[in-house]
Amino acid sequence: GVPWSLLEQNVPHLFKFLALTGLFLDALLAGVLLFCPAGHWIQQVGVLFHGFTALTMAQRIGYSFPATMLAAGLLFRPVIGE
């Protein structure tokens, strides 16, 4: 597995950095979903990223997070005729 304790010893602020960047990415995604028009290309990047995450990391982090993000991406697709 990943030597987390060794990483923490060598880079003491690593997990704070990861937590803050994760919070920033989540806020950025919320902003994209709220303020960009449906079907915006940035939303497509999110769907591709979380699809990749589901394929590559689901054995470690589970399927619930990537599935939730993919569902959000699908819900914010443009409606035909609008």
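Refer to the structure above for everything that follows.
Residues numbered from 1 in each chain as written. Predicted model: local features only at pLDDT ≥ 70, side-chain atom pairs only at ≥ 80, totals over all residues. Heavy atoms only, no water.

## With respect to the environment of Ile 42
Position of Ile 42 relative to the elements: it lies in helix 3 (residues 41-61). Under the relative-accessibility criterion, Ile 42 is labelled partly exposed at 31%. It is 36 Å that separates the C-alpha atoms of Ile 42 and Leu 6, two residues lying 36 residues apart in sequence. (Helix = DSSP H or I, 4+ residues; strand = E, 2+ residues; numbered from the N terminus. Buried < 20%, exposed > 50% of the residue type's maximum accessible area, 1.4 Å probe, protein only.)

## Considerations on a nonpolar patch on the surface
A cluster of nonpolar residues, Val 2, Trp 4, Phe 15, Phe 17 and Leu 18, forms a patch on the protein surface that exposes about 500 Å² of accessible area. No other element matches the three residues that helix 2 (residues 14-35) contributes to the nonpolar patch. Topologically, Leu 18 is positioned in helix 2. (Patch = residues over 30% accessible without salt bridge, like charges linked within 9 Å, V, L, I, M, F, W, Y side chains within 5 Å. Areas by Shrake-Rupley, 256 points an atom, 1.4 Å probe, with all protein chains shown as cover. Salt bridge = Lys/Arg side-chain N within 4 Å of Asp/Glu carboxyl O.)

## Considering helix 4 (residues 64-75)
Because each turn of an α-helix spans 3.6 residues, side chains separated by three or four positions in sequence point in the same direction. Counted at 1.5 Å a residue, the expected span for helix 4 with its 12 residues is 16 Å, and the 16 Å between its end C-alpha atoms agrees. What helix 4 keeps buried is the set Pro 66, Met 69, Ala 72 and Gly 73. Projected down its long axis, helix 4 shows its buried positions confined to an angular sector of 125 degrees, all on one face. More than 90 degrees from the buried face of helix 4, the exposed residues found are Ser 64, Leu 74 and Leu 75. Lining the buried residues of helix 4 we find helix 2 and helix 3. (Expected span 1.5 Å × (residues − 1). Arc of directions from axis to C-beta. Contact = heavy atoms within 4.5 Å.)

## Let's talk about the packing of helix 3 against helix 4
The geometry of helix 3 relative to helix 4 is characterised by a closest axis approach of 8 Å and an angle of 165 degrees between their N-to-C directions. By the criterion of interaxial angle, the relationship of helix 3 to helix 4 is roughly antiparallel. Our pair here, helix 3 against helix 4, has a crossing hand that is left-handed. Across the interface between the two elements, Val 47, His 50, Gly 51, Thr 53, Ala 54 and Ile 61 of helix 3 pack against Phe 65, Pro 66, Met 69, Leu 70 and Gly 73 of helix 4. (Axes fitted to C-alpha atoms, helices over the stretch in contact; angles between N-to-C directions. Parallel < 35°, antiparallel > 145°, perpendicular 65-115°, else oblique. Left-handed = near helix turned anticlockwise from the far one by under 90°.)

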